[in-house]
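Geometric and topological summary
As a plain string of letters, each chain reads:
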Amino acid sequence: MIIKMSKVRIVGPKECSDNVLNVIQQLECMQIERFEEEIESPEKRYHVTEKEITEKVYLEEFKQKINELFSYLPEVEVRKSYINPVNVLDFLKNLVDKHKEYSRTINEEINNLNQNLSSLEKHRSFLTAFEDIATKDYRLLSSDAVGLILKDKKYLENLNLIVEEITDNAYEVFSRILDDKSIAVIYVFDERFAEPVRKKLSMENVKEYQFPEELESKSFFQKLSYISDKIKNMENEILRKEDELHNFAVRWLPVYQSVLNWINARLNLISAKNIIYETKYCFVIFGWLPSKDLEKLKSAIADYCLEEIDIKELEITQADLNRIPVMLHNSTYFKPFSFLHVFCRFLLIPHSILLFLSVYFFPFFLE
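Report follows, based on the coordinates. (Residues numbered from 1 in each chain as written. Predicted model: local features only at pLDDT ≥ 70, side-chain atom pairs only at ≥ 80, totals over all residues. Heavy atoms only, no water.)

With respect to topology, 3 strands assemble into an open sheet ordered β3-β5-β4, the strand pairing being antiparallel. A strand with exactly one partner marks an edge of an open sheet, and here the two such strands are β3 (144–150) and β4 (171–177). Across the sheet, the mean angle separating the axes of adjacent strands is 20° when strand polarity is ignored. As defined by bridge partners, β4 adjoins strand β5 (residues 183–189) across 7 bridges and the pair is classed as antiparallel. Paired with E172 across the two strands is V188, which belongs to β5. (Pairing = 2+ DSSP bridges. Helix = DSSP H or I, 4+ residues; strand = E, 2+ residues; numbered from the N terminus. Axes fitted to C-alpha atoms, helices over the stretch in contact; angles between N-to-C directions.)

Moving on, we get to the nonpolar core. Among the nonpolar cores identified, the biggest contains 46 residues, and I66, L92 and Y256 are the most heavily contacted of them. When residues of this core are traced back to their parent elements, those giving at least two are α2 (50–72), α3 (85–128), β5 and α8 (222–272). By residue number, the principal contributor to this core is α8, which donates 16 residues. Not counting residues up to four positions away in its chain, the partners in contact with L92 are F62, W252, V255, Y256 and V259. Residues V20, V23, M30 and I311 belong to the second largest nonpolar core, which totals 22 residues. (Core = buried A, V, L, I, M, F, W, Y, C linked by side-chain atoms within 4.5 Å. Buried < 20%, exposed > 50% of the residue type's maximum accessible area, 1.4 Å probe, protein only. Contact = heavy atoms within 4.5 Å.)

One pass over the structure, following the stated rule, counts 22 salt bridges. With a shortest N-O distance of 3.8 Å, E278 and K14 are connected by a salt bridge. One end of the pair, E278, is in strand β6 (residues 277–278); the other, K14, is in the loop between β1 (5–13) and α1 (17–27), and 264 residues separate them in sequence. The shortest N-O distance in the salt bridge between R266 and E55 comes to 2.8 Å. Residue R266 is located in helix α8, and its partner E55 is located in helix α2; the two are separated by 211 residues in the primary sequence. The exposure class assigned to E55 is partly exposed, which follows from its relative accessible area of 21%. The structure contains a network of salt bridges with shared partners spanning E61, K65, E68, K93, D97 and K100. (Salt bridge = Lys/Arg side-chain N within 4 Å of Asp/Glu carboxyl O.)

So, about the packing of aromatic side chains. Tallied over the entire structure, the rule returns 8 aromatic pairs. On the numbers, 5.1 Å between centres and 50° between planes, the contact of Y102 with F248 is tilted. Here Y102, found in helix α3, pairs with F248, found in helix α8; they are 146 residues apart in sequence, far enough to count as distant. Between the aromatic rings of Y171 and Y187, the centroid separation amounts to 6.0 Å while the plane-to-plane angle is 50°, which identifies the pairing as tilted. Of the two residues, Y171 is situated in strand β4 and Y187 in strand β5; the sequence distance between them amounts to 16 residues. What makes Y187 buried here is its relative accessible area of 0%. (Phe/Tyr/Trp six-rings, centres within 6.5 Å; stacked < 30°, edge-to-face > 60°.)

Between α1 and α8, the shortest axis-to-axis distance is 10 Å and the interhelical angle comes to 120°. In terms of axis orientation, α1 runs oblique to α8. For the pair α1 and α8, the crossing hand works out as right-handed. Where α1 approaches α8, its residues D18, L21, N22 and Q25 are matched on the opposing element by A265, R266, N268, L269 and A272. Class assignment of the residues belonging to the contact of α1 with α8 gives a composition of 4 nonpolar, 3 polar and 2 charged. (Parallel < 35°, antiparallel > 145°, perpendicular 65-115°, else oblique. Left-handed = near helix turned anticlockwise from the far one by under 90°. Nonpolar A, V, L, I, M, F, W, Y, C, P; charged D, E, K, R; others polar.)

This paragraph deals with the environment of D97. Within the fold, D97 resides in helix α3. Considering only alpha carbons, one finds D97 and E68, 29 residues apart in sequence, at a separation of 9.7 Å. Among the polar contacts made by the side chain of D97, one reaches the side chain of K65 at a distance of 3.0 Å. (Polar contact = N/O pair within 3.5 Å; in protein donor to acceptor, adjacent residues only side chain to side chain.)

Written out as C-alpha cells, the structure reads:
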C-alpha cells in the first residue's frame, strides 16, 4: 500500500537536538535528509565534534568485538536484560576481550574434538564391519591381521594370490561393503607372516589401512573396543563443553545484546547529526515521514522535550518530486523507505512518475 508522505522541518534550541533525534529514532517513522535550498548558507550544516568522533571510534571498536564474541556463541533464546547499558559500558569493554578469548578457545576445542571424533568414527566403521568375525572365532583374536580399503572387488583376486604365496595358504580373508560402497578387506594369518605380508603389499603399492599411532601396539580386534570407549568419552567431553558454552551464552548474551542495541542506536544518532543543520542557538532538521505519523511525532517530541520545538509541514516543490520517498512499510532507523527507492531505480522509474500515478490513478491506495 502506497502511503502519502509529508515533508517536514523541525526547529528547536541547539541543546535539544539529541533529544529530538532520540525521539525520531524511537518512532522509526522519519527519514532525515538535507534540503540545501531551504538553508541560507552551508555554514549552518552541523559538524560532528571531536568528542563525538572519539566516541564513534570507541563504540565501533566495541561493536566489532561484541560481534566477534557472538560468532563464537551458540544460538540461544535471549531474555530481556534490565541492566542499563550505559552503566555497564566501560565494564564490558574491559571484559569483552577475555570473554571473546574464552569462547573462542572452547569453540576450537569443540571443533578439534569433532574432527578427531569424525576420524575415529571412520575407524570404528571399518572395524565394526568385521565385529562378527571376532565374536565367533576366538582364534582370530590372537592372530594378526592386515586391513585394506579397495575401490573395486576385482583387485581382491590378485591380493589373495600374494598373501597365499607368503603364508602357504594359511590365511583367511574377509570382505565387507561399507556405507560409501568401498570394499573393506582384512587378511588374518599367524603373527610370523605379518611383516612379510606388509612388505610385499607395500612393494605392490597396496596401502594398508592406517590406524592412529596409539593403536599400533593393539591387536586388530582389540582396536574396536578401545576406539568405541574413546568415542564415548569424546562425545561426553563435547557435550560438556557445549553445555559450558551454552550456559555462558545464556548468562552474558542478554547483557551484550542490550549494549549492542544501545551502541547501534548511538552510532545512528551520531551519523544522523551529519545531515542536520544548526545556528549559534538552534538546530534545524528536515525529512520525510508518513503524513499519518505527523501528529504522533509532534506529540512524542512535546512529551520528551521541555523546550518548545517547532514542527512544520513544508510545501512539496517540483524539485522534491524526484526525491520524495514512497513508503511500503517501516524498516530501519532513518531509512524506512530505501527498499522502494532501490526498486524504482532498478526499473528506471522516476519518483515523480510514481507519485503522479499514485495521486491521479490510485487515490484509493493512499492513506
